Amino acid sequence: MGQPEYQQRLSIEEYLAQEKETDTKYEYHDGEVYAMAGGTPTHSLIANNAGRSLGNALLGKRCFAYNSDLRVATSRNKYVYPDVSVVCGRVSFFEELKNATNNPVLIVEVLSEETRAYDRGGKFMRYRMMESFREYVLIEQSLPFVEVFYKNELNTWEYRAYTDLEGMIPLHSLDIEIPMADIYMGVDFLPFDPENLQLL
C-alpha cells in the first residue's frame, strides 16, 4: 500500500461517493483512501480459480465464497477488498456501511511484487482484528506455492506451506480440502531456480 490517493481525510460518505464517481475500488483507513491497483491476467485467473474451488468444496454447507467485489470491514473505519473471502451463515456488517461484511471466516490474497509485504504485514494484522477470521491463504503467482495461516482452538496461529501441484490443501476453518491443481489451473509458470529461490 503506497501513499493515500487523496491528501485530505474523507468521511465514510465521501469515500463511498468517491468510489461511485470514479468507478474505482479504494481501501479506506481512518479517513485515508488508497486506490486498488489493477491485477495481471495471472492474478485474476488464480483468484477466480481459488474462488471457484472454494465454492465447489463448500456445496451443501452454509458457507459461501465471494470475489473481490465484496468489501470487508476490518473495523468501523477500515475497509479493504480481499481477492476472495468466505462467510459462513449470514453476512453481518456495521451500521456505518451495510454492504461491507465484518464476519469473514477465511480470506485469500494472491500475492504480487507490489502487494506482497502489505498482504503479509499490515493487511494480515487488520484481518486479525475481526473476531470471525480464522484462516488466511496466500497464493504466489510465479510458482506453485500456497501458504496457510490457521487460528487453532487455543487462539494460536499455525502455519503450513504447500508446493505439490498434485496435493490437497486442507482448510481447517471450513473443514474442507481443495486441490492445489485447481488453484493453478491454466497458469503457465516461468522457469524457476529452486536453489536460489528466483525466476530464471
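Residues numbered from 1 in each chain as written. Predicted model: local features only at pLDDT ≥ 70, side-chain atom pairs only at ≥ 80, totals over all residues. Heavy atoms only, no water.

### Observations concerning the overall build of the chain
Next, step 1: Check the secondary structure of the chain and you find five helices and 16 strands.
Next, step 2: Relative to the globule expectation of 16 Å for 200 residues, the C-alpha radius of gyration of the chain, 17 Å, shows essentially globular dimensions.
Next, step 3: Dimensions of the chain, computed from C-alpha atoms along their principal axes, come out at roughly 45 × 40 × 30 Å.
Next, step 4: When the 200 residues of the chain are sorted by exposure, 45% land in the buried category. (Helix = DSSP H or I, 4+ residues; strand = E, 2+ residues; numbered from the N terminus. Rg over C-alpha atoms; globule rule 2.2 N^0.38 Å. Buried < 20%, exposed > 50% of the residue type's maximum accessible area, 1.4 Å probe, protein only.)

### A few points about the state of the cysteines
Next, step 1: All chains considered together, the criterion is met by one disulfide.
Next, step 2: Disulfide partner of Cys-63: Cys-88, at an S-S distance of 2.0 Å. Handedness of the Cys-63-Cys-88 disulfide follows from its S-S torsion of about 105 degrees: it is right-handed. Remark: Cys-88 occurs in strand E6 (residues 84–88) and Cys-63 occurs in strand E3 (residues 63–66); sequence separation between them is 25 residues.
Next, step 3: Judged by relative accessible area, Cys-63 falls into the buried class, the value being 12%.
Next, step 4: On the basis of relative accessibility, which here comes to 27%, the residue Cys-88 falls in the partly exposed class. (Disulfide = S-S within 2.5 Å.)

### Considerations on the side chain of Lys-151
Next, step 1: By the element assignment, Lys-151 lies in strand E11 (residues 146–151).
Next, step 2: With sequence-adjacent residues up to four places away left out, Lys-151 is seen in contact with Phe-133, Arg-134, Thr-156 and Trp-157. (Contact = heavy atoms within 4.5 Å.)

### Let's talk about unusual backbone geometry
Trans is the common state for peptide bonds, and a negative phi is the common state for residues other than glycine.
Next, step 1: Phi is positive for Asp-23, close to 55 degrees, though the residue is something other than glycine.
Next, step 2: Following the sequence through the fold, Asp-23 ends up in the loop between helix H1 (12–22) and strand E1 (26–29).
Next, step 3: Although it is not a glycine, Asp-30 sits at a positive phi angle of roughly 50 degrees.

### Some points on the sheet that holds E3
The strands that make up a sheet are held in pairs by hydrogen bonds between backbone atoms, and each pair lies either parallel or antiparallel.
Next, step 1: Strands sit in the order E3-E6-E9-E10-E11-E12 across an open sheet of six strands; the sheet is mixed. A strand with exactly one partner marks an edge of an open sheet, and here the two such strands are E3 and strand E12 (157–162). Each strand of the sheet is rotated relative to its neighbour by a mean of 15 degrees, with strand direction disregarded.
Next, step 2: Pairing of strand E9 (residues 104–110) with strand E10 (residues 135–139) involves five bridges; the strand directions are parallel. Bridge pairing in E10 places Val-110 opposite Ile-139.
Next, step 3: Contacting E3, E6, E9 and E10, helix H2 (residues 41–57) crosses the sheet at an angle of about 150 degrees to E9. (Pairing = 2+ DSSP bridges. Axes fitted to C-alpha atoms, helices over the stretch in contact; angles between N-to-C directions.)

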